[in-house]
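One-letter residues, chain by chain:
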Amino acid sequence: MHSLSRDFLFGLRALGRSPLFTLVAVLSLALGIGANTAIFTLTDQVLLRSLPVEAPERLVMISTAGSHVGSNRGMNVISYPMYKDYREKNEVFSGVLCSRTTSVAMSAGGPAEITTAEMVSGNYFQVLGIRSAAGRVFTPADETNPGANPVVVLAYEYWQSRFRGDPGVVGQTIRINSFPMTVVGVAAPGYHGLMLGDRPKLFVPVTMKRYMTPSWDDLENRRSRWVRVFARLKPGVDIRQAEAAIRPLYKQIINEEAKDPWFNRVIPFHREEFLRSYAVVTPGGQGFSFMRRMMEMPLKVLMGLVGIVLLIACANVSNLMVARAAGRRKEIAVRLAVGAGRWRIVRQLLVESTLVALAGGALGLLVSYWSMRGILLLAPGDEARAAFSAVPDGRALLFTLGVALAAAVLFGLFPALQASRADLAATMKDQGSAIAGGHGSRTRKVLVAAQVTLSLILLVGGALFVQSLRNLRLVDPGFRATNLIRMTVDPQLSGYDDERTRAFYQQVRQRLGALPGVTSAALARVGVVSNNDWDSTITVEGYQAGDGENMNPNFNSVSPGYLKTMGMVLKAGREFDDRDRIEAPRAVMVNETFANRYFPGRSPLGRRLGFGHGPGVELNLTIVGVMADAHYRDLREEIPRQVFVCSEQDKRQTGMHVYVRTSLDSERMFETIRREMAGLDPNVPIRDMVTMEDQLDRSLTLERMVAFLSSAYALLAGLLAVIGLYGVTAYGVARRAREIGIRMALGAQAGTVVRMVLREVATLAAAGIAVALPLAWWLTGFVRSQLYGIEPRDPATIGAAALGLLAVAAAAGAVPAVKASRRNPLDVLRYE
């Protein structure tokens, strides 16, 4: 250790004597390591991190696979009665919990505000092992009869921000959806619910569902799936044993359900499909997240890209180390001559590499922080940004240290081994080629060619992602986003019943539509390009569905004036109007894809549909209009079959998106619209007011992030490769100064010298490109699912990237070439 400490001190002095080398090496590594730390920090928070609960590795999630009969609200959900069956009848879990997040209106002595609540079972905190920071958390006694448990637990961060950490809030009454509830405690800090990116501010008992979701109170409905269920494995039970034990229980439950007289309405095929479904048990230590599913592949792609950037940075520094070893050849030869062993020389040089790498890692943490802040700026809204942290934590610090040490070995070992093989006799006689020339020169050229190879792969990837984003931006969404505003309201969260809600929505349309600068206003249950959907099984008059055919088109409930407000095109028939009252026969509109599927070559107008599939379905929906196709969930999807029902004819009213078409700049109308809505009822809060142009941008957040980061890292890789190419060329020209001087003294023209140098540059670049082309052709196939409107092996994109890199490489090589051609040969020969 004493000897090693002396090596570190000597290494610091040696690096201090070469400030330019040290600065360039540290900066190169800082960019490579910083990029890796930034993407790792994001990947860790999205894909790798477990829930901050007791023994998360023992948590599992219980869901089902196969067909379901009834309503379905989300992924991996089951009914609340089935959850209770699992909780009471299983033999492999020490505890089973359920949860569901929803938006609520919370008031604590002031205006109501929309926030997120998680409806949870009474044993939720007990099973997860989460304690209280103040007061108490729920117990099983807080989950008794429906509506009988008006208690609330606050999330710690919400307690701090909304109530300033006041312990006196425990015991106070707040109103949730206008219903009084008592705050009984505050959850422990650091816990943000079971859904990544969907942080609840409040926790309420699941038995209070009728007050949390007044528009769909189906707590005890076995055919309504809406809760996610997690369980803790008993000691000695693994996940496979748990699944094997739970499947027979699931079969027993659904066999009992199928005896219900309601199932007489279900056709035999769907009944048999339902009875073939089965329970699934999956790891639950990370909770559940739609965001994780969407970001998994893009983050893996980005981790691969930044890994390549680090390799290029290491190749650059390795080149610098080889060149530096050439300048220290006499020092190394003297050390070897006086008895130093080869390993002693290698260790000293590796210590210097480690110092450079650690300095690069330290600076890389700053690069990572700035990069993460930039990445979070791409996130849509404060809630999404709050779900992640730009500050590297302990895991990121360990990752950075590991990457820095690995980089030290990667870029330092080979130059150290090469330098320790010095020819003592040749070096002591000042024959510089013993280290600087020959094999060392070839090594530097191979490293530069490898940099060109890797940078071209990144350039091709970046170009593909940018082109994919451009294609998505050019997609016609099927509506006019310009001068269109969207916001969300739900009067039932403020105590409205169905009739008052219907009257409120009518007033919203009338009063907003009459505002100066507003041309029309309309409402819709499902927002366009908001990554939400509502589908339902239907029967179509005169259409015989095949066995197993999907008869679940997408639905939306919209008000009269919807097509006009959205700028959608009516192809046939009429739009909803004042004729479509609740007492009138039910009218629907369909899109062209629906019409072409079920009524090819015929007019669908006047045809009838019915909710449900099978004999005895009432065909009480009459098609009155056909609209042009429009995108529904997002811009990537194929146009779905779509049915519109009239919201005025809905017996049960729900929260709605309000769309406002303006003739003025959209954002200038925000305050005017807020004032008008407050004039209608200040107790009905509005949320998510946004222009539809911004909403389209939000829908492309992930694609924009991948395109921006991949192109930025590709340009960084190209820059590092060009710097490496410039360094090798300048070093080679300096070594050949005598040769160039003799050539020019014998009559060689400046252009000849330039061409000679550029030929070598072109050879290096061409070699790197030749290796990169088949690799890029193979690797880009893995990102096919992330692209839109472009083939991953697009020859034009790959060719353009290769030609662009070749041109930049030629420009980098031209600088030392031109400089060499302008030197006076007599000066060169006199110096030599």
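Refer to the structure presented above.
Calculation criteria
- Residues numbered from 1 in each chain as written.
- Predicted model: local features only at pLDDT ≥ 70, side-chain atom pairs only at ≥ 80, totals over all residues.
- Heavy atoms only, no water.
- Helix = DSSP H or I, 4+ residues; strand = E, 2+ residues; numbered from the N terminus.
- Buried < 20%, exposed > 50% of the residue type's maximum accessible area, 1.4 Å probe, protein only.
- Lys, Arg positive; Asp, Glu negative; His and termini not counted.
- Salt bridge = Lys/Arg side-chain N within 4 Å of Asp/Glu carboxyl O.
- Contact = heavy atoms within 4.5 Å.
- Phe/Tyr/Trp six-rings, centres within 6.5 Å; stacked < 30°, edge-to-face > 60°.
- Lys NZ or Arg CZ within 6 Å of the ring centre and 35° of its normal.
- Pairing = 2+ DSSP bridges.
- 1 Å grid on protein atoms, 1.4 Å probe; cavity = no way out; pocket = protein on both sides within 12 Å on 5 of 7 lines; lining within 4 Å.
- Points joined across faces, edges and corners; volume = space filled by probe spheres on them.
- Nonpolar A, V, L, I, M, F, W, Y, C, P; charged D, E, K, R; others polar.

**Q** Summarise the side chain of R292; cite the residues concerned and give the values.
**A** Of note, R292 is situated in helix 9 (residues 290–327). Look at R292: it is buried, it has no salt bridge, and the nearest opposite charge is E296 at 7.7 Å. Setting aside anything within four residues of it in sequence, one finds R292 in contact with V46, L47, L196, Q286 and G287.

**Q** If you had to explain the packing of aromatic side chains to someone new, which residues and values would you point to?
**A** All chains considered together, the criterion is met by 24 aromatic pairs. The interplanar angle of 75° and the centroid separation of 5.3 Å between the aromatic rings of F125 and F203 together place this pair among those described as edge-to-face. Taken together, the residues F125 in helix 4 (residues 124–128) and F203 in strand 9 (residues 202–205) connect sequence positions 78 residues apart. With relative accessibility at 1%, the residue F125 sits in the buried group. Ring centres of Y191 and F203 lie 6.1 Å apart, and the angle between their planes is 25°; on these two criteria the pair is classed as stacked. Taken together, the residues Y191 in the loop between strand 8 (179–187) and strand 9 and F203 in strand 9 connect sequence positions 12 residues apart. The ring of F163 is capped by R162, whose NZ or CZ atom sits 5.2 Å from the centre of that ring.

**Q** Mind laying out the pairing of strand 9, listing which residues take part and the relevant values?
**A** On strand 9, burial covers both faces: L202 and V204 on one face and F203 and P205 on the other are all buried. Across 4 bridges, strand 4 (residues 113–120) lies against strand 9 in parallel orientation. Within strand 9, the position partnered with A117 by the bridge is L202. As paired elements, strand 6 (residues 151–154) and strand 9 share 2 bridges and run antiparallel to each other. Within the sheet, the bridge partner assigned to V153 lies in strand 9 and is F203.

**Q** Tell me about empty space enclosed by the protein, residues and numbers included.
**A** Applying the stated criterion to the full structure yields 9 cavities of 30 Å³ or more. Of the volumes computed, that of the largest cavity is approximately 100 Å³. Lining the largest cavity are V728, T729, G732, V733, R736, I740, M756, V757, E760, V761 and L764. Of all the secondary-structure elements, those providing two or more residues to the lining of the largest cavity are helix 21 (701–735) and helix 23 (750–779). For the lining of the largest cavity, the per-class residue count stands at 7 nonpolar, 2 polar and 2 charged.

**Q** Account for the pattern of salt bridges, naming residues and giving values.
**A** Across all of its chains, the model carries 35 salt bridges by this definition. Between R473 and D697 there is a salt bridge, with the nearest N and O atoms lying 3.1 Å from each other. Of this pair, R473 sits in helix 15 (residues 439–473) while D697 sits in helix 20 (residues 692–699), and the two are 224 residues apart along the sequence. Close ionic contact of D650 with R586 constitutes a salt bridge, the shortest N to O distance being 3.3 Å. Placement of D650 in the loop between strand 21 (642–646) and strand 22 (656–662) and of R586 in strand 18 (residues 586–591) is noted, with a sequence separation of 64 residues between them. Judged by relative accessible area, R586 falls into the partly exposed class, the value being 25%. When salt bridges with common partners are traced through the structure, they connect D44, R49, D393 and R395 into a single cluster.

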